[in-house]
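Tertiary structure, described
Single-letter residue listing:
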Amino acid sequence: MPTPVDIAPARGRLGVLLVGLGAVSTTFIAGVIAIRKGLAKPIGSLTQMGHIRLGKRTEGRSPMISEVVPLAGLDDLVFGGWDIFSEDCYSAAKTAGVLEPALLEKVRPELEKIRPWPAVFDQHYVKRLDGPNVKKGKTKRDLAEQVMADIQKFKKDNDLDRLVMIWAGSTEIYMTESEVHQSMASFERGLEANDPAIPPSMVYAYAAIREGIPYANAAPNLSADIPALVELASHTKSPLAGKDMKTGQTLIKTIIAPGLKARLLGVTGWYSTNILGNRDGEVLDDPESFKTKEETKKSALDYIFQPHLYPDLYKDLCHVVRINYYPPRGDNKEGWDNIDLVGWLGYPMQLKINFLCRDSILAAPIVLDVALFLDLAKRAGMSGIQEWLSFYFKAPVHAPNLYPEHDLFIQLMKLKNTLRYFKGEDLITHLGREYYD
Ligand SMILES: NC(=O)c1ccc[n+]([C@@H]2O[C@H](COP(=O)([O-])OP(=O)(O)OC[C@H]3O[C@@H](n4cnc5c(N)ncnc54)[C@H](O)[C@@H]3O)[C@@H](O)[C@H]2O)c1
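Residues numbered from 1 in each chain as written. Predicted model: local features only at pLDDT ≥ 70, side-chain atom pairs only at ≥ 80, totals over all residues. Heavy atoms only, no water.

Quick notes on helix 16 (residues 408–423)
The end-to-end C-alpha distance of helix 16 is 23 Å, a good match for the 22 Å that 16 residues give at a rise of 1.5 Å each. Every buried residue of helix 16 is listed here: Leu408, Gln411, Leu415, Lys416, Asn417, Thr418, Leu419, Arg420 and Phe422. Among the structural elements, helix 2 (46–49), helix 3 (65–68), helix 11 (249–262) and helix 15 (359–379) are those in contact with the buried residues of helix 16. Its side-chain oxygen placed 2.8 Å from the backbone nitrogen of Phe409, Asp407 serves as the N-cap of helix 16. Looking at the residues trailing helix 16, positive phi occurs at Gly424, about 75°. (Helix = DSSP H or I, 4+ residues; strand = E, 2+ residues; numbered from the N terminus. Expected span 1.5 Å × (residues − 1). Buried < 20%, exposed > 50% of the residue type's maximum accessible area, 1.4 Å probe, protein only. Contact = heavy atoms within 4.5 Å. Polar contact = N/O pair within 3.5 Å; in protein donor to acceptor, adjacent residues only side chain to side chain.)

Description of the pairing of strand 1 (residues 14–19)
Burial analysis of strand 1 places 6 of its 6 residues in the buried class, the great majority of the element. Neither face of strand 1 is open: one carries Leu14, Val16 and Leu18, the other Gly15, Leu17 and Val19, and all of them are buried. In terms of strand pairing, strand 1 meets strand 2 (residues 77–82) through 6 bridges, oriented parallel. The partner of Val16 across the bridge, within strand 2, is Phe79. In the sheet, strand 1 pairs with strand 3 (residues 162–167) via 6 bridges, with the strands oriented parallel. Considered in strand 3, the bridge of Gly15 is made with Leu163. (Pairing = 2+ DSSP bridges.)

Topic: the side chain of Thr254
Examined against the element boundaries, Thr254 turns out to sit in helix 11. Among the polar contacts made by the side chain of Thr254, one reaches the side chain of Lys246 at a distance of 3.1 Å. Every residue in contact with Thr254, bar those within four places of it in the chain, is listed here: Lys246, Ala300, Ile304, His406, Leu408 and Phe409.

Considering the site of the ligand
Inspection of the region around the ligand gives 31 residues, with Val24, Asp83, Val120, Gly169 and Thr247 positioned closest. Ala23 places a polar main-chain atom, nitrogen or oxygen, 2.9 Å from an oxygen atom of the ligand. Measuring from an oxygen atom of the ligand, one finds a side-chain N or O atom of Thr171 at 2.9 Å. When isolated, the ligand has an accessible area of 840 Å², and the protein chains bury 98% of it. Going through the elements one at a time, helix 1 (23–36), helix 9 (200–210), helix 12 (279–284) and helix 15 are the ones with two or more residues in the shell around the ligand. For the shell around the ligand, the class distribution of residues is 18 nonpolar, 6 polar and 7 charged. (Near = heavy atom within 4 Å. Areas by Shrake-Rupley, 256 points an atom, 1.4 Å probe, with all protein chains shown as cover. Nonpolar A, V, L, I, M, F, W, Y, C, P; charged D, E, K, R; others polar.)

Some thoughts on the sheet that holds strand 9 (residues 348–356)
Two orientations exist for strands paired in a sheet by backbone hydrogen bonds: parallel and antiparallel. Pairing in this open sheet of 4 strands is mixed, and the strands run 7-6-8-9 from one edge to the other. Unpaired on one side and paired on the other, strand 7 (318–325) and strand 9 mark the two borders of the sheet. The sheet shows a mean angle of 10° between the axes of neighbouring strands, direction not considered. Here 8 bridges tie strand 6 (residues 266–276) to strand 7, and the two strands are oriented parallel to one another. If you follow Leu276 over to strand 7, its bridge partner there is Tyr325. Packing against the sheet, helix 11 makes contact with strand 6, strand 7, strand 8 (334–342) and strand 9, and its axis sits at approximately 165° to strand 6. (Axes fitted to C-alpha atoms, helices over the stretch in contact; angles between N-to-C directions.)

Concerning the sheet that holds strand 2
Spatially, 6 strands are ordered 2-1-3-4-5-10 in an open sheet, and the strand pairing comes out parallel. Every interior strand has two partners, whereas the edge strands, strand 2 and strand 10 (384–385), have only one. Pairing between strand 4 (residues 215–217) and strand 5 (residues 239–242): 3 bridges, direction parallel. Considered in strand 5, the bridge of Tyr215 is made with Leu240. In the packing of helix 1 onto the sheet, the strands contacted are strand 1 and strand 2, and the crossing angle to strand 2 comes to about 160°.

Here it is, written out as structure tokens:
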């Protein structure tokens, strides 16, 4: 058997730092508190409900993941965060309108205690938003230092052993890598010089990574996925994950597409449209923020279908993604997908999917799992990009010389094999010849 990885125990309390206390964050926090109180079940969370097979199928060993690797317990989580609005977490959850008032009342005292610290914010990067709870600083470096001071104070006040940070703030405008992102030295000069290529999300990411804290980006904007911050993460031993949580339509897309591809059914068109009425929808109504989202939403199919290997099946695929802001629906998104398929001898078929989902209900368990797994990765001595967490993201961060893995089932296998690797268990290849020899 392989040797297990030396993993420090999950002793003490884990601080979960959330940038943006909006619909996703408040649904996550209120949910964890409700689950702690036995009011609800952690449905959708692999760390809380998932099992993992170990060894051969004949051994009958399928313990819970939480029994196999040392994860922080829900009782040990302490929440803190930043937002441009100063309302406490209870009021923010009410504004978000995701959870029923009756449930929110039951967790109200705990939520009211969580008040956001002033944010690093600049409307240039999120056009449809403005708020009063914002830090002042001469340079972006000053702002990063203020974020680090918030983190240290939170750690001391709550007697925390470890921390993780998750960006669950609004989607920033579309940006691509530039000179200032290429090395740690140029990035730090850029912080001093207030370089416009450094948005607030990078300021937070820099602060976390400087402190050796794992960082995940739940949104699609460019953040820690730049060479400078990956370089810093390897110095400070900070695990990184992202980006853009795979929840509604893209989750379904990466479930359906690998199935069609497995049967070598051609696809000529995939039209995806959404109506969404929450603040996220409002921000995404701005073309610059939508462009960021569109990029991550569109990338999955190209990688799954591999049109360069299967030109007859996927070369001419017309893939269109639309999001329309439609207030009456609030957080309850409706997505429609029309898929134009081609079968034997080129005969056309159609598949229609109408998903009436709840965005933040799908996102909250992902935030929980990513926080717990990043903390595990840190205690296991891993740093930099954590490809095994691709399972949770629409546009998985990856090494520059690799293409990202989008197929949900390969992603799950990768995640579970990483857990087996941590424990020194045999990796599962699904070859299975030994049962018949
Ligand atoms: N819900 C999902 O299924 C899902 C899936 C993938 C990605 N996302 C992304 O997650 C993010 C959060 O989604 P949401 O539904 O909670 O949105 P939301 O609008 O309800 O919450 C975002 C919060 O971030 C705050 N914010 C914005 N900029 C900030 C900054 N610089 N510092 C601190 N706070 C800031 C806003 O004031 C707001 O309260 C969005 O970027 C969204 O695109 C959501």
